[in-house]
Amino acid sequence: TMQEKKTDDTPDPSRPSLKKNAWLRNYIPLFFGESVSMLGSFVVQFAITWWLTVTTGDPSILANGTIFIRLPGALFGPFLSSVVDRMDRRLVLAVTDAIISAGTIFLVAMFWLDRVKIWHIFLVFGISSIFGNIQWSAVTAVTSSIVPEEHLQRTEGLTVTVQSLFTLAGPMLGALLIETFALPVHIVLSIDVITATIAILLLLTIKIPKVVNPPETAITLTSMWHDMTEGFGFIFSNKGFLYLIGIFAFINLALNPVFTFMPLMITDYFHMGASELGWLQAAGGAGMGLGGLVMTIWGGFKRKMNTIIFGNALFALFLIMLAAASPNLYWLALIAFFLASVSQPISNSPIMAILQSKIPHDLQGRVFTLTISLISVVQPLILLVAGPVARITGVHFWYWVGAVGMSVATVLFFIPSVYRIEDKDFENGNGIAIVQTVTEEISISH
């Protein structure tokens with residue numbers, strides 16, 4: 001076969017250049033551009049979330065909004081995941097940025113004309129979630145094709161550090177513009193259009209290695225279905241990877257009400273306003289930045305899974321501290337959220353390094369998209385319950401649920417096939433493997 005004839009000296013077009021530090025010329029513009037785009041996204045999210053909070057004050061609105069925003073990406077993302085592996089990934093990044101920005105422009109117009117409806121917001125963010133999932137998969141796949149394997153964990157930490165600066169700036173900037181300068185919402189939303197334009201322009205300056213496409217390069221309904229089943233086959237053929245997705249889905253169940261109800265936690269529990277919400281979210285961004293810097297310098301334990309468990313345990317501990325803060329101890333909640341955010345990159349960076357190094361490059365687009373869809377699809381389940389329950393118990397109850405859930409998740413990482421995931425090479429699967437694996441799991445459970 002062609003693969004057997006290939007010699008060790010033949011360069012792999014999907015791997016980073018071996019020339020010392022040559023990869024930095026492409027990596028730096030990529031992550032800086034996407035991070036700047038993220039700044040605009042965080043400003044928009046803060047502005048919209050605060051507008052919904054002060055306009056409705058209803059936890060069910062925030063819960064239902066999160067459902068409508070996340071569910072389309074989880075449902076349609078898998079079917080569209082093949083575009084990341086079949087198209088020029090730079091084009092994928094530019095187009096998704098442009099589509100998300102177009103949605104923001106629509107909202108700018110609706111707010112400017114004073115004709116905005118809540119369903120407008122849900123619709124725009126729902127569409128954005130579809131292309132946002134594809135964009136995240138493309139960025140992750142491109143990063144692993146640019147960055148040498150030995151630098152993946154450290155660059156992931158560096159990326160989190162830089163992006164966290166914008167995560168820090170986004171809520172602060174949003175709160176400053178809304179409360180201090182009293183700018184109308186449509187002006188605040190316009191920032192996202194500017195940052196998306198910067199990201200697209202920076203994409204034009206980089207070179208991205210091409211991935212060897214499947215024989216049938218045309219994107220058709222048949223090819224998209226084939227790619228989706230191939231991606232599912234890969235996931236279900238690797239038990240440790242499948243269980244890892246299950247653990248993160250469980251973490252999403254535990255944490256989604258925590259982040260969804262944060263604005264109401266500020267207004268109803270701590271009895272404060274937009275500035276305090278901005279400071280809390282800024283503390284989260286600063287914490288993530290510090291955690292990313294720690295990972296960049298330290299690099300984690302030799303065994304990556306030990307680093308993951310350590311970071312997850314810290315997150316659970318500080319979330320307990322956040323839940324324990326009484327209504328007159330906002331400053332304790334601020335410190336607790338900052339420390340919990342520090343632990344987040346410590347837990348997440350090694351996971352991405354493991355997956356980026358083990359998943360074949362020509363499968364990464366669809367596998368990463370399917371992964372985030374499988375993790376996200378469970379979110380509506382908890383939020384359908386969380387909104388009505390929060391009306392009865394208050395939103396603070398869900399912070400204790402999140403703390404307990406994260407504690408349980410820390411223990412789940414010790415499942416043998418998950419704990420040893422970095423020791424084994426992933427197997428290539430196929431669509432048939434999905435049925436076989438599910439059948440085996442059902443028979444075992446009975």
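Residues numbered from 1 in each chain as written. Predicted model: local features only at pLDDT ≥ 70, side-chain atom pairs only at ≥ 80, totals over all residues. Heavy atoms only, no water.

Colleague: Please explain the overall build of the chain as it appears in this structure.
Modeller: A count of helical and extended segments in the chain gives 19 helices and 0 strands. Within the chain, the proportion of its 446 residues that are buried is 54%. Relative to all contacts within the chain whose residues are 6 or more apart in sequence, the contacts with residues 24 or more apart total 89%. For the chain, the accessible area works out to roughly 20000 Å², and carbon and sulfur atoms hold 68% of it. (Helix = DSSP H or I, 4+ residues; strand = E, 2+ residues; numbered from the N terminus. Buried < 20%, exposed > 50% of the residue type's maximum accessible area, 1.4 Å probe, protein only. Contact = heavy atoms within 4.5 Å. Areas by Shrake-Rupley, 256 points an atom, 1.4 Å probe, with all protein chains shown as cover.)

Colleague: When you look at the nonpolar core in this model, what are you seeing that I'm missing?
Modeller: Nonpolar side chains in soluble globular proteins tend to be buried together. Counting residues in each nonpolar core, the largest one holds 91 residues, and the members touching the most others are Ile121, Leu189, Phe241, Ile359 and Phe413. With 10 residues, helix 14 (residues 330–358) is the single largest residue contributor to this core. Beyond its immediate chain neighbours, meaning those up to four positions away, Phe241 contacts Phe234, Ile235, Leu355, Ile359, Val367, Thr371, Ile421 and Phe426. If you look at the next biggest cluster of nonpolar residues, it comprises 19 residues, including Leu30, Val83, Val147 and Leu152. (Core = buried A, V, L, I, M, F, W, Y, C linked by side-chain atoms within 4.5 Å.)

Colleague: Which parts of the structure should I look at to understand the packing of aromatic side chains?
Modeller: For any pair of aromatic rings, geometry is given as the distance between the ring centres together with the angle between the planes. If you walk through the whole model with that rule in mind, you get 14 aromatic pairs. Each ring, one from Trp51 and one from Phe111, has its centre 5.3 Å from the other, and the planes form 85 degrees; the classification is edge-to-face. Residue Trp51 is found in helix 2 (residues 24–56), and its partner Phe111 is found in helix 5 (residues 89–112); the two are separated by 60 residues along the sequence. Taken as a pair, Trp51 and Phe111 share a single burial class, namely buried. When the ring of Phe270 is compared with that of Tyr330, the centres are 5.8 Å apart and the planes differ by 80 degrees; the resulting orientation is edge-to-face. (Phe/Tyr/Trp six-rings, centres within 6.5 Å; stacked < 30°, edge-to-face > 60°.)

Colleague: Could you clarify how one ought to interpret the pattern of salt bridges in this entry?
Modeller: Pairs can form between side chains of opposite charge whenever their charged atoms are close. Evaluated as defined, the whole model comprises 2 salt bridges. Linking Asp423 and Arg303 is a salt bridge whose minimum nitrogen-to-oxygen distance equals 2.8 Å. Linking Asp423 in the loop between helix 18 (416–419) and helix 19 (431–445) with Arg303 in the loop between helix 12 (274–298) and helix 13 (304–324), this pair joins segments that are 120 residues apart in sequence. A relative accessible area of 47% places Asp423 in the partly exposed class. For Arg303, a relative accessible area of 22% gives the class partly exposed. (Salt bridge = Lys/Arg side-chain N within 4 Å of Asp/Glu carboxyl O.)

Colleague: Got a minute to help me understand helix 9 (residues 221–236) in this structure?
Modeller: For helix 9, spanning 16 residues, the distance from its first C-alpha to its last is 22 Å, which sits close to the expected 22 Å at 1.5 Å a residue. Every buried residue of helix 9 is accounted for by Ser223, Met224, Asp227, Met228, Thr229, Gly231, Phe232, Gly233, Phe234, Ile235 and Phe236. (Expected span 1.5 Å × (residues − 1).)

Colleague: It is not clear to me how the side chain of Ser37 should be interpreted in this structure. Could you clarify?
Modeller: Note on placement: Ser37 falls in helix 2. If we ignore the near neighbours within four places in the chain, the residues touching Ser37 are Asp97, Asp192, Thr195, Ala196 and Ala199.

Colleague: Mind showing me how you'd approach helix 14 here?
Modeller: Residues separated by three or four positions in an α-helix point in the same direction, a consequence of the helix having 3.6 residues per turn. With 29 residues, helix 14 should cover 42 Å at 1.5 Å per step; its first-to-last C-alpha distance of 43 Å lies within 8% of that length. Within helix 14, 21 of the 29 residues are buried, which leaves it mostly tucked inside the rest of the structure.

Colleague: How should the confidence of the model for the chain be read in this particular structure?
Modeller: Detailed conclusions should not be drawn from predicted coordinates in areas where pLDDT is low. Across the chain, the average pLDDT comes to 80, with 86% of residues at 70 or higher. Across the chain, the secondary-structure element scoring lowest on mean pLDDT is helix 19, at 37, and the one scoring highest is helix 17 (residues 397–412), at 96. Every residue in residues 431–446 scores below 50 in pLDDT, and together they form 13 contacts with partners more than four places removed in sequence or on other chains. (pLDDT = per-residue confidence, 0-100.)

Colleague: Teacher, can you tell me more about the environment of Thr195 here?
Modeller: Here Thr195 shows up in helix 8 (residues 185–203). Taking the relative accessible area as the measure of exposure, Thr195 reaches 5% and is therefore buried. Linking Thr195 and Gly40, residues 155 residues apart in sequence, is a C-alpha distance of 5.6 Å. Setting aside residues up to four positions removed in sequence, Thr195 forms contacts with Val36, Ser37 and Gly40.

Colleague: Please explain the environment of Ser373 as it appears in this structure.
Modeller: With respect to the helices and strands, Ser373 occurs in helix 15 (residues 364–376). Sequence spacing of Ser373 and Ala74 is 299 residues, and the spatial spacing of their C-alpha atoms is 4.0 Å. Look past the residues within four positions of Ser373 in its chain and what remains in contact with it is Gly73, Ala74, Gly77, Pro78 and Asn133.

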